[in-house]
Amino acid sequence: MEANRGQGGIQQLLAAEQEAQHIVNSARNAKMARLKQAKEEAEKEIAEYRAQVEKEFQRKLAESSGDSGANVKRLEQETEAKIQHLKNEAARISDDVVQMLLRHVTTVKN
């Protein structure tokens, strides 16, 4: 009878060990599933954030392109105004410059 009880105890321990192994495996599988789900959620959030940042970048790029057209036009107008001013100044003083050059060229110094 003593041997029977020892055999039953061993069987009981083996059954408990198998049950514990099933519990550990279930927990491991649940953990792996949760990690996979968390990774998928993180990748989804990253993709959404990336799309949002790209959209904002494209919007700012479009705004700055529109501004650059206005800037180019403004710079062209300023440049044209400066060129016209220089032409006016050259026309205004060209007679004086010609007279000064003639005087210096025709004057003989000893």
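Residues numbered from 1 in each chain as written. Predicted model: local features only at pLDDT ≥ 70, side-chain atom pairs only at ≥ 80, totals over all residues. Heavy atoms only, no water.

Draft legend 1. Quick peek at the pattern of salt bridges. Counted according to the given criterion, the structure contains three salt bridges. Glu 56 is the partner of Arg 59 in a salt bridge, and the nearest nitrogen-oxygen pair spans 2.3 Å. Of this pair, Arg 59 and Glu 56 both sit in helix H1 (residues 2-106), three residues apart, which is roughly one turn of the helix. Take Arg 59: its relative accessible area is 39%, and that puts it in the partly exposed class. Note that Arg 92 is salt-bridged to Glu 89, the shortest N-O span being 2.7 Å. Of this pair, Arg 92 and Glu 89 both sit in helix H1, separated by three residues, roughly a single helical turn. Since its relative accessible area comes to 29%, Glu 89 is described here as partly exposed. (Salt bridge = Lys/Arg side-chain N within 4 Å of Asp/Glu carboxyl O. Helix = DSSP H or I, 4+ residues; strand = E, 2+ residues; numbered from the N terminus. Buried < 20%, exposed > 50% of the residue type's maximum accessible area, 1.4 Å probe, protein only.)

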